[in-house]
Amino acid sequence: MVTSEPTATPPLATDGGGNEIAVHVDHGMCSGTRNCERYYPDIFVVNRDKAWIKSGIEWASADVALLKEVESACPWAAIEVEAPAD
Ligand code: SF4
């Protein structure tokens, strides 16, 4: 299920992707530690203690290795990344 942050501008979402990449943030597990935002601020932002995926991302030029690193670095396993290398 896609959840949208109603008041943030530009729109933020729990699901994002393109170019065969899919990223999901599970807000039931996210504790807002900001590891994802520190690792990859072009894609992740923490708002109201939850991580969100920014809009307007150029997924074709996203760093898949870094995304997988972010997935591994989340202490609550709240990030899921699907990418062609899987
Ligand atoms: S690293 Fe994980 S727990 Fe921390 S803000 Fe990001 S998604 Fe949430």
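Just so it is clear, the structure is predicted and the values come from calculations on it, not from any experiment.

A. Focus on the overall build of the chain. For the chain, the helix and strand inventory stands at two helices and five strands. Each helix and strand of the chain, placed in order from N terminus to C terminus, yields the pattern β-β-α-β-β-α-β. Residues classed as buried in the chain amount to 22% of the 86 residues present. Contacts in the chain between residues at least 24 apart in sequence constitute 59% of all its contacts with a sequence separation of at least 6.

B. Examining the nonpolar core more closely. Val 25, Ala 51, Ile 53 and Ile 79 are the most contacted members of the largest nonpolar core, which has 17 residues in total. Breaking this core down by element, the ones donating at least two residues are strand E2 (21–25), strand E4 (50–53), helix H2 (64–73) and strand E5 (79–82). Among the elements that line this core, the one with the most residues is E4, at three residues. If we ignore the near neighbours within four places in the chain, the residues touching Ala 51 are Val 25, Cys 30, Cys 36, Glu 37, Phe 44, Val 46 and Ala 78.

C. Looking closely at the site of the ligand. Lining the immediate environment of the ligand, one finds 15 residues, of which Cys 30, Thr 33, Asn 35, Cys 36 and Cys 74 sit closest. Split into classes, the residues belonging to the shell around the ligand amount to 10 nonpolar, four polar and one charged.

D. Structural detail: the sheet that holds E5. Pairing in this open sheet of three strands is antiparallel, and the strands run E1-E2-E5 from one edge to the other. One side of each edge strand has no neighbouring strand; the edge strands of this open sheet are strand E1 (15–18) and E5. Averaged over all neighbouring strand pairs, the angle between strand axes comes to 10°, with direction disregarded. Across four bridges, E1 lies against E2 in antiparallel orientation. By the bridge assignment, Gly 18 is partnered in E2 with Ile 21.

Cut-off values and rules
Residues numbered from 1 in each chain as written. Predicted model: local features only at pLDDT ≥ 70, side-chain atom pairs only at ≥ 80, totals over all residues. Helix = DSSP H or I, 4+ residues; strand = E, 2+ residues; numbered from the N terminus. Buried ≥ 20, exposed ≤ 12 C-beta atoms within 10 Å, placed from the backbone. Contact = placed C-beta atoms within 7 Å. Core = buried A, V, L, I, M, F, W, Y, C linked by C-beta atoms within 7 Å. Near = placed C-beta within 6 Å. Nonpolar A, V, L, I, M, F, W, Y, C, P; charged D, E, K, R; others polar. Pairing = 2+ DSSP bridges. Axes fitted to C-alpha atoms, helices over the stretch in contact; angles between N-to-C directions.

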